[in-house]
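The residues making up each chain are set out below.
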Amino acid sequence: MTYPLLSVLIFLPLAGAIVVMLLPRNNPALAKGLTLVWTIIEFALSLPLFFSFDETTAGMQFTENVSWFPELGISYNLGIDGFSMLLVMLTTFLTVICVLSSWDAIKDKVKEYYFAFLILETALVGALCALDLVLFYIFWELMLVPMYLLIGVWGGPRRIYAAVKFFLYTMAGSVLMLLAIMALYFHYGAESGSYTFNLFELYKANIPLAKQYWLFAAFALSFAIKVPMFPFHTWLPDAHTEAPTAGSVILAGVMLKMGTYGFLRFAIPLFPQAAFAAAPILSTLALIGIVYGAIMCIMQSDLKRLIAYSSVSHLGYVMLGLFAFNMQGLEGGMYQMLNHGISTGGLFLAVGMIYERRHTRMIAEFGGLAKTMPIFAVSFLIITLSSIALPGTNGFVGEFLILLGTFRSNVSFGVIATTGVVLSAVYMLWMFQRVMYGEIKKEENRKLKDVNKREITILVLIIFFIFFMGIYSQPFFKKMDVSATNYLQYIHAKAAAPAISVKAQ
C-alpha cells in the first residue's frame, strides 16, 4: 500500500485542531506556537507533491480510492493533477503565513481561533483533492463554518452582518450545486446502470444539451458566487473589510480560488457544450468585473475595501482566461490564481501591519509613512507593483498570458480587458502615493515603528515568491503543461461531439 500522503495532508490540520482545543485556555502562547509548528509540518509534508510530481502524465497522481458507501456509489476518492497540486501548495504555504500574521493581532479566544483556522485548512485541502462529488461537497460546505466564525467572532464592528451575508450567499449557491449533483447522479445511473459520484465516471455521461444548460447553470452560479463574479460579488467587500487580517488573506488567497477551480474541474468538463455556449456571457461578466472592480477601487477610501474590489477585477482575468479555451488563457488563468494568492494576500498582510499600529484602514489617516517605516514602504511598493503586473513580478506572467489567450479568442474582449491593466495601475499607485508619500499630517504617524522581525519574515517570504514566480516561472508551468494540454483536448472533443436531444435519448 502506498503512503496516503493526500489523506495525511487533509487530516493533519484536523488532528492539530483537536490538540489545540485540548490545550489550557490560560496559555495562548502554547496554542500559537503549536499551531505554527503544526502548519509548518503540514507545509513540509506537502513539498513532495511538488518535487515528486510526474510532469509527463496528465492522469491523477497520489491517488487514493476506497469505497465509502458502495450501495450509493460514494467513494473516498482523492487525487491531484497539475492544477490542484499547485493550489494545495498555495494553501499550505499561506496557512503558515496566516498563523504568523495572527501572532499579535488575536488576543481573544486564541485557541478557538487557531482551531477554526486548522479546520479551514482541512476543508480547503480536502476540496482540492476530492474526486468524488459527495466528498467534494462535504469539504466545500465544511469550509463555510470556520470562515463564518473567523469573520463573525474575530472580525470588525459589522462582523455579524458580513458573516451572515457571506454565509447566505455561498449557501444559496451550494444548494443549487447539490441539486445539480443529484440530477447528474440519477441521469448517469439511468444511462449506464451504474450509480456513482465518481467524477471521472460522470465525465463520460452523455447529457442532452437542454439538460446540460440547466446543470451547468446550477454549478456555474455556485462557483460564480464563490469567485466572486459580477454581479454576485457584493458579499466580498463586506467580508474582507470585517474579517481579521489572516481571514482576509486566506479568503483572497485560497477560498476565492475554489470558485475558479470549480469551473475548471467540474462545471466545464462535466458540461462542455453548455460551457462553450455560455462562454460569451461569462466572458462578458468577467470583463464587467475587471472594469467595474477597478473603477470601484478608485472610489474607495478604505484600504481593505480597495483590495477587495481589486480581487473582483483580478479574478475577472482568471475567468476570462479559463473561458478563452486555449492554452495561453488556461495556463495564464491558472497562474493568475497563484499570483493573486501571493500578491493580494501580501497586500492584506501589509494593510494588517499598519492597522495593528494605527487601528484604522482609512487612506486619509495615513500619508508620509515612507519616512517613518522605510522597510515597510519598500516591501509594500514591491507587492503593489506585483499587483499591477509589472514585468519581472509574478502578476505580469499571468496577466500577459491571459491577455494573449483572450486576444486569440476574441480581439474585442482582449481590448476591453487591457483597460483593466491601465486602471489597476491608476488605483494602486494612487493608493500607494496617498499612504506612503507626502507630508505627515497625523501626529500618530510620526511615532509609528517600522516592521519587526516577524513581519520582515512574512514580507520576505511573499516578496521571494513575487520575484521567483515572475522571473523563473518555468517550474510551475512544467507541472501543469500536460494537464492543460489533455484538459483542452478533452473539452474541445466533447464540445464538438453531436449534441444529444432529450427526445433522441
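Higher on the page you've got the structure.
The rules behind the values
- Residues numbered from 1 in each chain as written.
- Predicted model: local features only at pLDDT ≥ 70, side-chain atom pairs only at ≥ 80, totals over all residues.
- Heavy atoms only, no water.
- Helix = DSSP H or I, 4+ residues; strand = E, 2+ residues; numbered from the N terminus.
- Buried < 20%, exposed > 50% of the residue type's maximum accessible area, 1.4 Å probe, protein only.
- Polar contact = N/O pair within 3.5 Å; in protein donor to acceptor, adjacent residues only side chain to side chain.
- Patch = residues over 30% accessible without salt bridge, like charges linked within 9 Å, V, L, I, M, F, W, Y side chains within 5 Å.
- Areas by Shrake-Rupley, 256 points an atom, 1.4 Å probe, with all protein chains shown as cover.
- Salt bridge = Lys/Arg side-chain N within 4 Å of Asp/Glu carboxyl O.
- 1 Å grid on protein atoms, 1.4 Å probe; cavity = no way out; pocket = protein on both sides within 12 Å on 5 of 7 lines; lining within 4 Å.
- Points joined across faces, edges and corners; volume = space filled by probe spheres on them.
- Nonpolar A, V, L, I, M, F, W, Y, C, P; charged D, E, K, R; others polar.
- Core = buried A, V, L, I, M, F, W, Y, C linked by side-chain atoms within 4.5 Å.
- Contact = heavy atoms within 4.5 Å.
- Pairing = 2+ DSSP bridges.
- Disulfide = S-S within 2.5 Å.
- Expected span 1.5 Å × (residues − 1).
- Axes fitted to C-alpha atoms, helices over the stretch in contact; angles between N-to-C directions.
- Parallel < 35°, antiparallel > 145°, perpendicular 65-115°, else oblique.
- Left-handed = near helix turned anticlockwise from the far one by under 90°.

Asks: How would you explain the environment of S343 if you had to name every residue and give the values?
Replies: As for its position among the elements, S343 is in helix α14 (residues 327–358). Owing to a relative accessible area of 4%, S343 belongs among the buried residues under this scheme. Note: C-alpha distance between S343 and S387 (44 residues apart in sequence) is 5.7 Å. Of the polar contacts made by the side chain of S343, one reaches the side chain of S386; its length is 2.4 Å.

Asks: Lay out a nonpolar patch on the surface in plain terms, naming residues and giving numbers.
Replies: Where nonpolar side chains cluster on the molecular surface, the patch consists of W68, F69, L72 and I138 and spans about 350 Å² of accessible area. Classification of W68 by relative accessible area gives partly exposed; the value is 39%.

Asks: Any details on the layout of surface pockets? Residues and values, ideally.
Replies: Looking at the largest pocket, its volume works out to about 440 Å³. Elements supplying a minimum of two residues to the lining of the largest pocket: α10 (235–242) and α14. With five residues, the top contributor of residues to the lining of the largest pocket is α14. Its residues placed into classes, the lining of the largest pocket shows nine nonpolar, six polar and seven charged. Estimated volume of the second largest pocket: approximately 330 Å³. In terms of lining, the second largest pocket is formed by 15 residues, of which the most central are F43, F50, M89, F465 and F476. Only α2 (28–51), α3 (82–101), α14, α20 (453–471) and α21 (474–496) provide two or more residues apiece to the lining of the second largest pocket. Partitioning the lining of the second largest pocket into residue classes produces 15 nonpolar, no polar and no charged.

Asks: Please provide a residue-by-residue account of the nonpolar core, values included.
Replies: Residues F216, F219, F263 and F323 are the most contacted members of the largest nonpolar core, which totals 179 residues. Looking at this core, the element that brings in the most residues is helix α11 (residues 245–270), giving 16 residues. Dropping the residues within four chain positions of it, F323 is found in contact with F216, F263, I268, A275, A279, L282 and S283.

Asks: Explain the pairing of strand β1 (residues 61–69) to me, using residue names and the numbers behind them.
Replies: Sheet topology places β1 next to strand β2 (residues 74–80); six bridges connect them, and they run antiparallel. Its bridge partner being in β2, Q61 is matched across the sheet by I80. Adjacent in sequence and paired antiparallel, β1 and β2 are bridged by four residues, among which G73 carries a positive phi angle near 75 degrees.

Asks: Please give an account of the state of the cysteines that cites residues and values.
Replies: A full pass over the atoms with the stated rule returns zero disulfides. C129 provides the cysteine sulfur closest to C98, a residue in no disulfide bond, and the two sulfurs are 18 Å apart.

Asks: How would you sum up helix α5 (residues 133–142)? Please name residues and give values.
Replies: Here α5 lies mainly inside the structure; eight of its ten residues are buried. Among all positions in α5, only L133, V134, L135, F136, Y137, F139, W140 and E141 are buried. For α5, the N-terminal cap is D132; the gap from its side-chain oxygen to the backbone nitrogen of V134 is 2.9 Å.

Asks: Before we move on, can you summarise the environment of S409 with the specific residues and values?
Replies: Within the element layout of this structure, S409 appears in helix α17 (residues 394–409). For S409, a relative accessible area of 42% translates into the label partly exposed. Along the backbone, S409 and A324 are 85 residues apart, and their C-alpha atoms lie at a distance of 5.7 Å. In this structure, S409 is in contact with A324 and N326, ignoring residues within four places of it in sequence.

Asks: Account for the pattern of salt bridges, naming residues and giving values.
Replies: Under the counting rule described, the total for this entry stands at 15 salt bridges. Taking the shortest distance from any N to any O, the salt bridge between D104 and R454 comes out at 3.2 Å. Of this pair, D104 sits in the loop between α3 and α4 (110–129) while R454 sits in helix α20, and the two are 350 residues apart along the sequence. Given a relative accessible area of 35%, D104 falls into the partly exposed group. Ionic contacts of the salt-bridge type, sharing partners, join the residues R158, K165, D238 and R305 into one network.

Asks: Can you break down α14 residue by residue, with the values?
Replies: End to end, α14 covers 46 Å across 32 residues, agreeing with the expected 46 Å (1.5 Å per residue, within 8%). Positive backbone phi, approximately 55 degrees, marks H359, located one or two places after α14.

Asks: Before we move on, can you summarise the packing of α14 against α17 with the specific residues and values?
Replies: Two numbers describe how α14 lies on α17: the axes approach to 8 Å, and their chain directions differ by 150 degrees. What the angle tells us is that α14 and α17 run roughly antiparallel. Crossing of α14 against α17: the hand is left-handed. In this structure, α14 contributes Q328, G329, G332, G333, Y335, Q336, N339, I342 and S343 to the contact, and α17 contributes N394, G395, V397, G398, E399, L401, I402, L404, G405 and R408.

Asks: For the packing of helix α7 (residues 159–192) against helix α9 (residues 209–226), give the residues involved together with the corresponding values.
Replies: It is at 8 Å that the axes of α7 and α9 come closest, and there the two elements cross at 150 degrees. With respect to α9, the element α7 is oriented roughly antiparallel. Seen along the crossing, α7 lies across α9 with a hand that is left-handed. Here Y169, T170, G173, S174, L176, M177, A180, I181, A183 and H187 of α7 come into contact with α9, specifically with K211, L215, A218, F219, L221, S222, F223, I225 and K226. Its residues assigned to classes, the contact of α7 with α9 comprises twelve nonpolar, five polar and two charged.

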